[in-house]
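# Fold and geometry: a report
Single-letter residue listing:
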Amino acid sequence: MKTSAVETSAQIDRLIAQQQRTANSMEQNLVRSKAALDASIKASHNDQRAWLGAWKFSMLSDAEVGKEFLSQYEVENSGKTAALNVVANSATFFDTGDNRSIDWSLIKKTHRGILWPSMSIGPVIAGKGSGQFTTPGVVGGYREHITKAYVIIRITYDDVFGCSHWTEVCTVHSYGESAIPFELCNRNGMDDVNTCAKVKPR
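Residues numbered from 1 in each chain as written. Predicted model: local features only at pLDDT ≥ 70, side-chain atom pairs only at ≥ 80, totals over all residues. Heavy atoms only, no water.

## A word on helix α2 (residues 136-143)
Put simply, the rule is: Each residue is placed in one exposure class: buried if its accessible area under a 1.4 Å probe, protein chains only, is under 20% of its type's maximum, exposed if it is over 50%, and partly exposed if it falls in between. Starting at the N terminus, helices and strands are each numbered in turn, a helix being any DSSP run of H or I of at least four residues and a strand any DSSP run of E of at least two. Note that the arc is defined by the directions from the helix axis to the C-beta atoms. Any two residues whose heavy atoms approach within 4.5 Å at even a single point are treated as in contact.
Within α2 the residues assigned to the buried category are V139, G141 and Y142. Down the axis, α2 shows its buried residues gathered within 165° of arc, on one side only. Pointing more than 90 degrees away from the buried face of α2 are the exposed residues P136 and G137. Packing partners of the buried residues in α2 comprise β1 (52-59), β3 (83-95), β6 (148-158) and β7 (163-173). At the C-terminal side of α2, H145 shows a positive phi close to 65°.

Rendered as C-alpha cells:
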C-alpha cells in the first residue's frame, strides 16, 4: 500500500514536470511567434509608409549686401501612403564647411499639412523672412570663394501607422556656379531610417 502511494506520488510529480515543460515550450513559441509577427508588421509598415525628401533646389537671388539669400526647393512623398502633419524647416548660412550645429527650435516652420503619395509641395522658399541679411563681410567671403552658401532642409512628419519621422537634406552652392542645381553636402542623407517614434498628442 505504501509502495503504491509512493509510485502514485512519483507519477504525479512526473506529470507536473511534463506539464511545466509543455507550458514553458508553449510560452517560448508564443514569444517567438510574437517577435516574428512584430517584425513582419514593422517590415510591412516600412514598405507602406510615407517617405519624404527635398529636391529640385535652385537659387532665387545672389548674395547681396543687406538682402536675404533666397533659394527654393520641393518636398516629395516617394512612399505609398500619406504623410501627415508635414513641417518643412530651412536653415541658410555661409561657411567654410557644412558641420554647423543648427537649433531647429529657433527656425521658422513652414506648415504644409498632408502630402499624398507621389505628390510634391513647392516650390518652397528657403531664407525668406528669416531676418538674416547678408553683410559686406559675408558677401565678400562668398564671392572670393572663401565660404560657400549652405541650405539645409529638415522635414518632420507622421505616417498613417502612428509613427513620427524626420529627414534632413543639405545642399551647397559656390559663387559663380549655375543657379540650378545645388550640390549635395557631405552631411546629406540624414534621416530616421526605419525607427518609429510614437506620435505624441498634438
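## Quick notes on a nonpolar patch on the surface
Filter applied, for reference: Excluding any residue in a salt bridge, patches collect residues exceeding 30% relative accessible area, merging like charges within 9 Å and nonpolar Val, Leu, Ile, Met, Phe, Trp and Tyr side chains within 5 Å. Accessible areas in this description were obtained via Shrake-Rupley with a 1.4 Å probe; residue shielding takes into account the shown protein chains only. Salt-bridge detection follows one rule: a side-chain nitrogen of Lys or Arg within 4 Å of a carboxyl oxygen of Asp or Glu.
Among the surface-exposed residues, I114, W116 and M119 lie close enough to one another that they form a single nonpolar patch of about 340 Å² accessible area. Among the secondary structure elements, M119 is positioned in the loop between β4 (109-115) and β5 (120-126).

## A short note on unusual backbone geometry
In this model, G122 is joined to P123 through a cis peptide bond whose omega is 5°. With a phi close to 50°, N85 is a non-glycine residue in the positive phi region. With respect to the element layout, N85 can be found in strand β3. Overall, N85 belongs to the partly exposed group, its relative accessible area being 36%. Non-glycine residue H145 carries a positive phi angle of around 65°. Position of H145 among the secondary structure elements: in the loop between α2 and β6.

## Regarding the environment of H145
Accessibility expressed as a relative area gives 53% for H145, which makes it exposed. Through-space distance from the C-alpha of H145 to that of Y175 is 6.6 Å; in sequence the pair is 30 residues apart.

## Some thoughts on the packing of aromatic side chains
Put simply, the rule reads: Aromatic contacts are taken between Phe, Tyr and Trp rings whose centres are within 6.5 Å, Trp giving its six-membered ring; a plane angle under 30 degrees counts as stacked, one over 60 as edge-to-face, and the others as tilted.
Counted by the stated rule, this structure contains seven aromatic pairs. Here the aromatic rings of Y142 and Y175 are separated by 5.5 Å at their centres, their planes lie at 75°, and the arrangement is edge-to-face. In this pair, Y142 sits in helix α2 while Y175 sits in the loop between β7 and β8 (183-184), placing the two residues 33 residues apart along the sequence. With a relative accessible area of 0%, Y142 lands in the buried category.

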